[in-house]
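# Notes for the structure review
One letter stands for each residue in the lines below.
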Amino acid sequence: MQAAVENLSLRANGVGVIAIDHPRTRNILREIVEAGIRLVTLVSDVPGAPRSAYVGIDNRVAGRTAALLMGRFLGGRRGHLAMVVGSRSYRGHEEREMGFRSVLSEEFPNLTVTSAVEINDEPDISYRATMKALHNEPELLGIYCVGAGRSGVAKALLEAKPQRKPVFICHDLTRATRGYLVDDLLDVVIDQNARLIAEQSVIRLLGSIASSAPYLTRKFIEPRLIFKENVPVQ
């Protein structure tokens, strides 16, 4: 990020970033704003930075939604779940995990997360973590993929061929996840609508540049629930 900031055009009036929530990152973002450049955070917020707006979904609500879907899909069954976490350095991933665990404890105490591996968004690590979870828990009921690493989970499910496929929930509609839905490997995608986030980030940046107010009103992007029967046209 430091290198990217140093390469910013001197004529830049605004910038959008996807960044981890870390003291060094927050300091870089403060320097951007102090230089007179308006800032919006995308997808994963950094509240400690003086950004004009955050553009993305409410990630805690997204995690709670995943847990609600998981519990409803499993219909009262008692057993174990696995969680594949991209990186807790991203506030968005941390919030999704918190939301997921909250709803499980509130509404589905019959479901227990017995494996939660941070994979730093590496498919190879998610593959190995999923294979291990399937080996340790032959009756694993569900898998929640918090960030990237979806392809690793899908590869493990295809290779392990469990007698009863775990409910698989992940985020973001991509070419790959479309295929997983159609092939019944994946049960639902919680999509944050990347195109809308891109459009809104430009609108919010232009609004912040035109406004004298340091912060714009907070407004989340509404997530979409995508099943195999309602996959949108690309």
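For the structure itself, look to the data block above.
Residues numbered from 1 in each chain as written. Predicted model: local features only at pLDDT ≥ 70, side-chain atom pairs only at ≥ 80, totals over all residues. Heavy atoms only, no water.

## Looking at the packing of helix α5 (residues 123-136) against helix α6 (residues 150-160)
The packing of two helices is summarised by the inter-axis angle and the distance between the axes. What counts, and what does not: Convention adopted: a line fitted to C-alpha atoms gives each axis, helices being fitted over their contacting stretch, and angles between N-to-C directions are expressed from 0 to 180 degrees. A run of DSSP states H or I qualifies as a helix once it reaches four residues; a run of E qualifies as a strand once it reaches two. Both are numbered from the N-terminal end. Put simply, angles under 35 degrees are roughly parallel, angles over 145 are roughly antiparallel, angles from 65 to 115 are roughly perpendicular, and the rest are oblique. Handedness of a crossing follows from how the near helix is turned relative to the far one, being left-handed for an anticlockwise turn of less than a right angle and right-handed for a clockwise one. In this description, contact between two residues means that some pair of their heavy atoms is separated by no more than 4.5 Å. Residues were grouped as follows: Ala, Val, Leu, Ile, Met, Phe, Trp, Tyr, Cys and Pro as nonpolar; Asp, Glu, Lys and Arg as charged; and all remaining residues, including Gly, as polar.
With their axes 7 Å apart at the nearest point, α5 and α6 run at an angle of 40° to one another. Classified by the angle between their axes, α5 and α6 sit oblique to one another. As for the relative orientation of α5 and α6, their crossing is right-handed in sense. Facing α5, whose interface residues are P123, S126, Y127, T130, M131 and L134, α6 presents S151, G152, V153, K155, A156, L157, E159 and A160. When its residues are assigned to classes, the contact of α5 with α6 shows 8 nonpolar, 4 polar and 2 charged.

## Digging into helix α8 (residues 194-210)
Put simply, the rule is: One less than the number of residues in a helix, times 1.5 Å, gives the span that helix is expected to have. Categorising residues by exposure relies on relative accessible area from a 1.4 Å probe, with only protein chains included: less than 20% of the type maximum marks a residue as buried, more than 50% marks it as exposed, and the intermediate range marks it as partly exposed. Arc definition: it is the arc formed by the directions from the helix axis to the C-beta atoms.
Across its 17 residues, α8 extends 24 Å between first and last C-alpha, which sits within 8% of the 24 Å expected from 1.5 Å per residue. Three or more residues of α8 are buried, namely I197, S201, R204, L205 and S208. Buried residues of α8, viewed axially, fall in a sector of 105°; they line one side. Across α8 from its buried face, at more than 90 degrees, point the exposed residues R195, L206 and A210. Next to the buried residues of α8 lie β1 (14-17), β2 (38-42) and β3 (53-55).

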